[in-house]
Amino acid sequence: MIKTSYEFDQSILAAGSSLKTNILLRFRADIAKSPRRNLNLSLVIDRSGSMAGAPLHHALKAAESVVDQLEPDDILSVVVYDDEVDSVVPPQAVTNKSALKNSIRKVRAGGITNLSGGWLKGCEHVKTRLDPQKINRVLLLTDGHANMGIQDPKILTATAGQKAEEGIITTTLGFAQGFNEDLLIGMARAATGNFYFIQSIDEATEVFSIELDSLRAVVGQNLKVTLELADGVSLVDTLSLAKVSQNDAGQTVITLGELYEGEDKLLGLSLGISSAQVGDLPVMKLHYSADVVQDDRIQCVSGTVDVVAKVGTVEEAAFAATSHIILELSRLTIAKAKETSLNLAEQGKHQEAEQTLRSLVKDLRDKGLNENFEIAEEIDQLEYFASRIAQKALGNAGRKEMRDQTYQTMTRNRSDLVGRGVTTGDEVYAMPIVNEVGSGVELHCVREGGKLRVKVMSEGYDSTKNIQFPRAIRAEGARYVVEGLELSSDATFYRVRSKITRFAQPGETDIFVAPRQSNRANTGKASKGPASAADLPTTDSVGDSILVQCVKDGSKLRARVVSDGYEPDWNMRFPRSVREEGMLYVVDEVKTAPDGKSYIACGEIKRFVQPT
């Protein structure tokens, strides 16, 4: 069965007209002991040129870690794609892990990104072993934009929804900074799967493990909630990220997807009430249904809950205790504000977007919620994003962090997924610098579980406690000196007292003097090659250079740019002496030729070799 409960943000609503209230609904599969469900899993990994080097290396290591965590009764397939799609592991039981991992290790970086081809092949593999008693899932990992095959986000998103109706759920994983987050989040939402932003390449294994943990914990699927609102009650907003539709009766239907063992599925709603009299006020009938594991089988369960609010006088409402779920509702409200602000900024309404976040910060402080460390951290995030939006300098990384934070908070109830973000705040480079701690307190910024945390280094303080610290000046590895720290009112975390300076150890290289730029000087001169490709210098990283691949075009060998942001079909002026079919090269610079429809390779050329 499904256990349900609900609470309003105010335990007693004030009688009167034109009320607005928020309600938090909880759903949990109430199962005494849930057997582990077997997996029918397809890993679909982008091996296009932009993944060359460390990104692909870490992605493949993460795939190997998945193999290690699977059981013999699980089914696994592995698909890799660039402009071509290869099934390096056809669908099979996980009985020979060594052989599976050997197949994964042989994958090498290739050309451009046929995301749709790779993903649909993964769906096809899952379909061949489709079993309603298993978790049937495609994990799609990419670091770039689709530039071959089906590229229209609307078509890909709609197809993800269709595949979900067939029982094939898609989880998407965006790698580094080049992927299209709107596409990957859209596909995940349409498929009722999960989305992850892998910001640092060494996070890949950790994030894959989080998803596997989630898959093992699935005890219910296809959770749907229908709202039968009472007269005078209206739905103002949905605070959770879900598919919202209307049934034939005009009622709102909210699709919440999967239920996880030991994890509440939260649904936050903002409601308008035209008038309320003292007493019990019927607000809605809540109809729900889900496919839940019962007696070792998947069975559909359903039920109805009557949602009733307590209404009192203005005095009774004023003196009534605020509900203890205010923190959870605040997290949802914060996530909704980030989504609203980002949408406003992208419409050019930067001042309105900034004000949306700053007004919420004031409201949270006025309620005293900054005494909770998680909300204090969110306040720092809101102030950081508000400042960046006001300066029209949110950037690609900031946008991805906002989208990810919104998605995770509004879809999952896991502390290890919310508030993730490791992008260095630009302000750290302009901070005043000291070379000794003196009578101050030394702090250190570290990365923990995809978040930047600040820890105390000086003696006399509890090094296990977190520190509330401005997000704008956080940078992994940076050290700071403050005049002192003070405990929060509940003594669970520290706050910085007085001014903050950055600490640079005498004799050590200061990596935060200025944003690191490439030392490579673009000459603008066309590249020249040695006698053969074997004479080229080699590299196992791309960095801020451009990756080029040699491909067969009829009877000719052509050079094509495979890094993101370039036209993949344009020819290139490239030394013939070093052209070898399938070979990858790293070039300093690529210029557009005078004809406006081809490229010129400029500067040094190196032969790319896959790191081991």
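Residues numbered from 1 in each chain as written. Predicted model: local features only at pLDDT ≥ 70, side-chain atom pairs only at ≥ 80, totals over all residues. Heavy atoms only, no water.

## Structural notes on helix α1 (residues 54–69)
Here is step 1 of the chain: Taking 1.5 Å per residue as the helical rise, α1 with its 16 residues ought to reach 22 Å, and the 23 Å between its terminal C-alpha atoms agrees with that figure.
Here is step 2 of the chain: Along α1, the residues that are buried comprise Pro55, Leu56, Ala59, Leu60, Ala62, Ala63, Glu64, Ser65, Val66 and Val67.
Here is step 3 of the chain: Buried residues along α1 sit against β4 (39–46), β5 (75–81), α2 (97–105), β7 (135–142), β8 (169–175) and α6 (204–216). (Helix = DSSP H or I, 4+ residues; strand = E, 2+ residues; numbered from the N terminus. Expected span 1.5 Å × (residues − 1). Buried < 20%, exposed > 50% of the residue type's maximum accessible area, 1.4 Å probe, protein only. Contact = heavy atoms within 4.5 Å.)

## Focus: the sheet that holds strand β9 (residues 195–198)
Here is step 1 of the chain: Read from one edge to the other, the open sheet built from six strands follows the order β6-β5-β4-β7-β8-β9, with strand pairing classed as mixed. Because the sheet does not close on itself, it has two edges, and the strands there are β6 (85–93) and β9. Neighbour-to-neighbour, the strand axes of this sheet turn through a mean angle of 15°, independent of strand direction.
Here is step 2 of the chain: Where β7 meets β8, six bridges bridge the pair, whose relative direction is parallel. Its bridge partner lying in β8, Val138 is registered against Thr170. (Pairing = 2+ DSSP bridges. Axes fitted to C-alpha atoms, helices over the stretch in contact; angles between N-to-C directions.)

## Some details on the pairing of strand β19 (residues 451–456)
Two faces belong to every sheet, and in a regular strand the side chains alternate between them.
Here is step 1 of the chain: Of all six residues that make up β19, six are buried, and the element is covered over most of its length.
Here is step 2 of the chain: In this antiparallel pair of consecutive strands, strand β18 (residues 441–448) and β19, the connection spans two residues, and Gly449 shows a positive phi of 55°.

## Things to note about the packing of aromatic side chains
Here is step 1 of the chain: With the rule as written, the count across this model stands at 12 aromatic pairs.
Here is step 2 of the chain: Look at Tyr429 and Phe512: their rings are 6.3 Å apart centre to centre, the planes differ by 50°, and that puts the pair in the tilted class. One end of the pair, Tyr429, is in the loop between α11 (395–411) and β17 (433–434); the other, Phe512, is in the loop between β22 (494–503) and β23 (538–539), and 83 residues separate them in sequence.
Here is step 3 of the chain: Feature note: the residues Phe179, Phe195, Phe197 and Tyr407 constitute an aromatic cluster, connected by ring pairs. (Phe/Tyr/Trp six-rings, centres within 6.5 Å; stacked < 30°, edge-to-face > 60°.)

## Focus on the packing of helix α3 (residues 115–128) against helix α4 (residues 153–165)
Here is step 1 of the chain: α4 packs onto α3 with a crossing angle of 0° between their chain directions and a minimal axis gap of 12 Å. Classified by the angle their axes make, α3 and α4 are roughly parallel. Facing Leu115, Ser116, Trp119, Leu120 and Cys123 of α3, the residues of α4 in contact are Leu156, Thr159, Ala160 and Lys163.
Here is step 2 of the chain: Tallied by class, the residues present in the contact of α3 with α4 amount to six nonpolar, two polar and one charged. (Parallel < 35°, antiparallel > 145°, perpendicular 65-115°, else oblique. Nonpolar A, V, L, I, M, F, W, Y, C, P; charged D, E, K, R; others polar.)

## Thoughts on the pairing of strand β21 (residues 479–487)
Here is step 1 of the chain: In this structure, β18 lies alongside β21, joined through four bridges in antiparallel fashion. The residue of β21 that forms the bridge with Leu443 is Tyr480.
Here is step 2 of the chain: Sheet analysis places β21 next to β22, joined by seven bridges and oriented antiparallel. Residue Gly484 lies in a different strand from β22, and its bridge partner there is Arg497.

Don't take any of this as a statement about function, it's just geometry.
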